[in-house]
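Residues per chain are reported as follows:
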Amino acid sequence: MRVYVPTTLPGLAAVYAAGELGPGPLTAYAVTPGLREWYVSDDIEELEYAALNRAASASLRLLAGAPDTARRRVVVAVDVPDQDAVADPDRGLEASALGEVRIASAVPLAKAAAVHVDADDAEADVAAAAAALGAADHGDDDAQFTVDGAEDHELLWFGVQETPNLIG
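Okay, so let's go over this structure. The residue numbering used here restarts from 1 in each chain and proceeds along that chain's sequence as written. Since the coordinates come from a predicted model, pLDDT governs what is reported: local features require at least 70, and pairs of side-chain atoms require 80 or more to be given and counted, while whole-chain, interface and lining totals use all residues. By convention in this description, side-chain values take in all heavy atoms of the structure and omit both hydrogens and water.

**Some details on the packing of helix α3 (residues 44-64) against helix α4 (residues 123-137)**
The line we're drawing: As a rule, the C-alpha atoms of each element are fitted with a line to give its axis, helices using only the stretch in contact, and angles between N-to-C directions run from 0 to 180 degrees. Under the scheme used here, helices are H or I runs from DSSP no shorter than 4 residues and strands are E runs no shorter than 2 residues, and both carry numbers assigned from the N terminus. The labels follow the angle: roughly parallel below 35 degrees, roughly antiparallel above 145, roughly perpendicular from 65 to 115, and oblique for the rest. The contact criterion used throughout is that any non-hydrogen atoms of two residues lie within 4.5 Å. Three classes are used: nonpolar for Ala, Val, Leu, Ile, Met, Phe, Trp, Tyr, Cys and Pro, charged for Asp, Glu, Lys and Arg, and polar for all others, with Gly counted as polar.
Interhelical geometry of α3 versus α4 gives an angle of 90° and a closest axis separation of 9 Å. As summarised for this structure, α3 and α4 are arranged roughly perpendicular, according to the angle between their axes. Of the residues in α4, those in contact with Leu60, Arg61, Leu63 and Ala64 of α3 are Val126, Ala129, Ala130, Leu133 and Asp137. Of the residues assigned to the contact of α3 with α4, the class counts are seven nonpolar, no polar and two charged.

**Observations regarding the nonpolar core**
As a reminder, the rule being used: Remark: nonpolar core denotes a set of buried residues (Ala, Val, Leu, Ile, Met, Phe, Trp, Tyr, Cys) joined through side-chain atoms within 4.5 Å. Each residue gets one of three labels from its accessible area relative to the maximum for its type: buried under 20%, exposed over 50%, partly exposed in between, using a 1.4 Å probe on protein chains only.
Core analysis: the largest hydrophobic core is formed by 24 residues, its most contacted members being Val3, Leu21, Val78, Val80, Ile103, Val115 and Val117. Counting residues per element, the ones that place at least two in this core are β1 (2-7), α1 (9-18), β3 (26-29), β4 (74-79), β6 (100-103) and β8 (112-117). Among residues more than four places away in sequence, those in contact with Val3 are Ala28, Tyr29, Ala30, Val76, Ala77, Val78, Val80, Ala85, Val101 and Ile103. In terms of nonpolar packing, the next biggest core, distinct from the first, is built from 14 residues, Leu35, Ala56, Val75 and Leu155 among them.

**Considering α4**
For an α-helix, 3.6 residues make a turn, and residues three or four places apart therefore share a direction. For clarity, the threshold we go by: To estimate the expected span of a helix, subtract one from its residue number and multiply by 1.5 Å. Two axes enter the definition of the bend at a residue: one is fitted to the seven residues ending there, the other to the seven starting there, and the bend is the angle between them.
For α4, built from 15 residues, the straight-helix expectation of 21 Å at 1.5 Å per residue is met to within 8% by its first-to-last C-alpha distance of 21 Å. Of all the bends in α4, the largest measures some 40° and sits at Ala131. Where α4 is concerned, the buried positions are Val126, Ala129, Ala130, Ala132, Leu133 and Ala136. Here the buried face of α4 lies against α3 and α5 (141-151). Looking at the residues trailing α4, positive phi occurs at Gly139, about 95°.

**Section: the pattern of salt bridges**
Quick reminder of the rule: Think of a salt bridge as a Lys or Arg side-chain nitrogen and an Asp or Glu carboxyl oxygen that are within 4 Å of each other.
Scanning the entire structure with this criterion turns up five salt bridges. Arg61 is paired through a salt bridge with Asp137; the nearest N and O atoms lie 2.8 Å apart. Here Arg61 is found in helix α3, whereas its partner Asp137 is found in helix α4, with 76 residues between them in sequence. Exposure remark for Arg61: the relative accessible area of 44% places this residue in the partly exposed category. Among the salt bridges present, the one from Arg73 reaches Asp118, with a minimum N-O distance of 2.7 Å.

Structure (structure tokens):
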């Protein structure tokens, strides 16, 4: 199963240094039954894109809690055995938990398929979105519009071997 693990650039540097994503448990995003039901599609590429976007939103939350971190969302795509990615059945249809899975233990970086990172030109919008996230969570429509502005930026795809250039 392909899962998408949200992180930040410093988090990616730590992953690269350790050679693994972890320690567990890890929160990741994947094509779960709840995500399928919410997204209403049978196209696996569309569903995986939705899971990637859920992970990008989680990366934004990590950035909101780390004001001194570079304002670029980072997601590591990793392949794990299906049984290793467990969705919480009690939260499967909660909006905040759509596509969310837990991975009990660390995952070797060798299992990573790709790294997705915002382009440099997304930094201003991502910074504004991270700053507005709290207000958006409390129902502020203008703040939600700002948060949605970060989602207008597509994450770029990088091969795992390019990680040193990303964290350099």
